[in-house]
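A look at the structure
Take a look at the letters that make up each chain.
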Amino acid sequence: MDLMTVRSRSGDYQVAFRDDGDWVAELAESENAFVVVDELVWRLHGQGCLAPLAARPLHPVPATEELKTLEGVAALCEEMIAQAAKRNATVVSVGGGVLQDVTGFLASVIYRGVRWIYVPSTLLAQADSCIGAKTSLNFRHFKNLLGTMYPPQQVVVHTPLLKTLDDDQYFSGLGEIVKLHIAAGPEAMAHVEPRLTALCDRDEDAVAAAVRASLLIKQGFIERDEFDRGDRRLLNFGHCFGHAVESATDFGVPHGQAVVFGMVLAGLVARDRGLLAPDRFDEVTTRLLRPALPDPAALAGLDRDAVVAAMRHDKKRTGAGLALVMPVDDWRLILVDDLGEDEALQALEALPSALPPGPADRA
Ligand SMILES: NC(=O)c1ccc[n+]([C@@H]2O[C@H](COP(=O)([O-])OP(=O)(O)OC[C@H]3O[C@@H](n4cnc5c(N)ncnc54)[C@H](O)[C@@H]3O)[C@@H](O)[C@H]2O)c1
Ligand SMILES: [Zn+2]
């Protein structure tokens, strides 16, 4: 077993990389465990690697955005109280970012905070969201408006869980992996680039190594800036345009894929401002970003005005213009707050011709 310790103001916590078979039995033995599992993950793995959890009362829930609400938390509180779980309870949750957000919020408020062990089951959650201590709920029509900072005491990463992910979910996680490697600088970019073919083929060793490398990169950012006031904001790279692309396509483009489009768009703005050399834009787009996009046709018919309108409403907006994390020089990231709507539109218009044809269309 391999351990990574993440330093946090609310107490250090551990990520355990477990490829042995004992971790589930150990989880099932946690003191007064309240076990919440993504119901699809339970269907797929409940008779397999997760079987020892069946010895405990189990609460399967659907991983929907509706679960990430005060009502969703209230229902879990009732089940937890009915199970006579007291202050000594441990919330054990297995699932992707939806399960992470709702059970993290639950663990942070019930009895003013109980122990929490989290087993991420999507690539996005394993490689990125499982550390960083953010929990979020949707409120009314606002996504992730409510939340707490509450890290799990322990994260257990078991990459074989990822085998059952569908391609949309898988490539969504891959987009965030590429983002983290760009954020970490030229050395990390050069490290991941030759591994992209294996990652696109979902090679198990390549995936396990990339999950670990991504968490190490993210660890650096959150330990320097746990509360999102400095460097950590650079991890929003690709998200300024990305969130807007998601919302303009009615979430038809999976999150991490929208982030890849967002990184290309931010690169186009930088190139047009003369802050990123055109050949460096082309090189990184061709070698790192395009390979992580299985289906650029997802953007056919994109309503560009709707994307700009969505950016205008982004809650992270500050200053006179729109906020954007932009790659300059050699893809070093900077945060600006003066993106004009005309520039954003121009980048959106240039996007189709900026994406080179990809590796022969993956089936
Ligand atoms: N707290 C944070 O720091 C943070 C960061 C990023 C995203 N998020 C939130 O996470 C959510 C997205 O999370 P996500 O992308 O991990 O996915 P998810 O939890 O929405 O799950 C996506 C789909 O994959 C299924 N699934 C999960 N694990 C599976 C497996 N092993 N095999 C097969 N199917 C599986 C789920 O049932 C669901 O249908 C959003 O609500 C987002 O706001 C939170
Ligand atoms: Zn993201």
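Note that the coordinates shown come from a computational prediction; the quantities given were computed from them, not determined experimentally.

So, on to the coordination of the zinc ion (ligand 2). Each pair of donors in an ideal octahedron of six around a metal sits at 90 or 180 degrees, and each pair in an ideal tetrahedron of four sits at 109.5 degrees. For the zinc ion (ligand 2), every protein donor is listed as E176 (OE), H239 (NE2) and H255 (NE2), and the spread of their distances is 1.9 to 2.1 Å. We note that the donor set of the zinc ion (ligand 2) lies within a single chain, spaced as E-x62-H-x15-H. Residue H239 is found in helix α10 (residues 239-248), and its partner H255 is found in helix α11 (residues 255-272); the two are separated by 16 residues along the sequence.

Right, let's talk about the pattern of salt bridges for a bit. In the structure shown here, the tally under the stated rule is 21 salt bridges. One salt bridge in this structure joins D329 and R332, with 2.9 Å as the shortest N-O distance. Via salt bridges that share partners, E193, R280, E283, R287 and D330 belong to a single interconnected network.

Moving on to the site of ligand 1. Taken together, 23 residues are adjacent to ligand 1, and D38, E65, S121, T122 and T164 come closest. With respect to ligand 1, the side chain of S121 contributes an N or O atom lying 2.7 Å from a nitrogen atom. Residue L161 places a main-chain N or O atom 3.0 Å away from a nitrogen atom belonging to ligand 1. In the complex, the protein chains occlude 83% of the 870 Å² of accessible area that ligand 1 would expose alone. Only α2 (39-45), α4 (97-109), α5 (123-129) and β8 (142-149) provide two or more residues apiece to the shell around ligand 1. When its residues are assigned to classes, the shell around ligand 1 shows eight nonpolar, nine polar and six charged.

Moving on, we get to the domain arrangement of the protein. Assigned domains within the protein: domain 1 (2-163) and domain 2 (167-354). Each of domain 1 and domain 2 was reduced to a C-alpha centroid, and the two centroids are 27 Å apart. Taken together, the contacts link 29 residues of domain 1 with 27 residues of domain 2. Together domain 1 and domain 2 conceal approximately 2300 Å² of surface at their shared face, both sides included; 62% is due to carbon and sulfur atoms. Of all residues in domain 1, L123, A127 and D128 bury the most surface against domain 2, accounting for 24% of the area lost on that side. Here domain 1 and domain 2 share four salt bridges between them. Of the charged contacts in the structure, one is a salt bridge between D228 and K134, with a shortest N-O distance of 2.6 Å.

The description of an aromatic ring pair uses the distance of the two centres, along with the angle that the planes make with each other. The final tally for this structure, using the stated rule, is three aromatic pairs. Judged by centre distance (5.4 Å) and plane angle (85 degrees), the rings of Y170 and F171 are edge-to-face. Exposure class is identical for Y170 and F171. Each is buried. Consider the rings of F237 and W331, whose centres lie 6.5 Å apart with planes at 70 degrees: the pair is edge-to-face. One end of the pair, F237, is in the loop between α9 (204-224) and α10; the other, W331, is in the loop between β10 (322-328) and β11 (332-339), with 94 residues separating them in the sequence. The class for F237 is buried, based on a relative accessible area of 0%. Taking NZ or CZ as reference, R224 lies 4.9 Å from the ring centre of F221, over its face. A cation over a ring is seen here: R271 above F281, with NZ or CZ 5.3 Å from the ring centre.

About the criteria used
Residues numbered from 1 in each chain as written. Chains lettered and ligands numbered in written order. Predicted model: local features only at pLDDT ≥ 70, side-chain atom pairs only at ≥ 80, totals over all residues. Heavy atoms only, no water. Donors = N, O, S within 2.8 Å, 3.2 Å for Na, K, Ca; no water. Helix = DSSP H or I, 4+ residues; strand = E, 2+ residues; numbered from the N terminus. Salt bridge = Lys/Arg side-chain N within 4 Å of Asp/Glu carboxyl O. Near = heavy atom within 4 Å. Polar contact = N/O pair within 3.5 Å; in protein donor to acceptor, adjacent residues only side chain to side chain. Areas by Shrake-Rupley, 256 points an atom, 1.4 Å probe, with all protein chains shown as cover. Nonpolar A, V, L, I, M, F, W, Y, C, P; charged D, E, K, R; others polar. Domains from an automatic or database assignment. Contact = heavy atoms within 4.5 Å. Buried area = accessible area lost by both parts, 1.4 Å probe. Phe/Tyr/Trp six-rings, centres within 6.5 Å; stacked < 30°, edge-to-face > 60°. Buried < 20%, exposed > 50% of the residue type's maximum accessible area, 1.4 Å probe, protein only. Lys NZ or Arg CZ within 6 Å of the ring centre and 35° of its normal.

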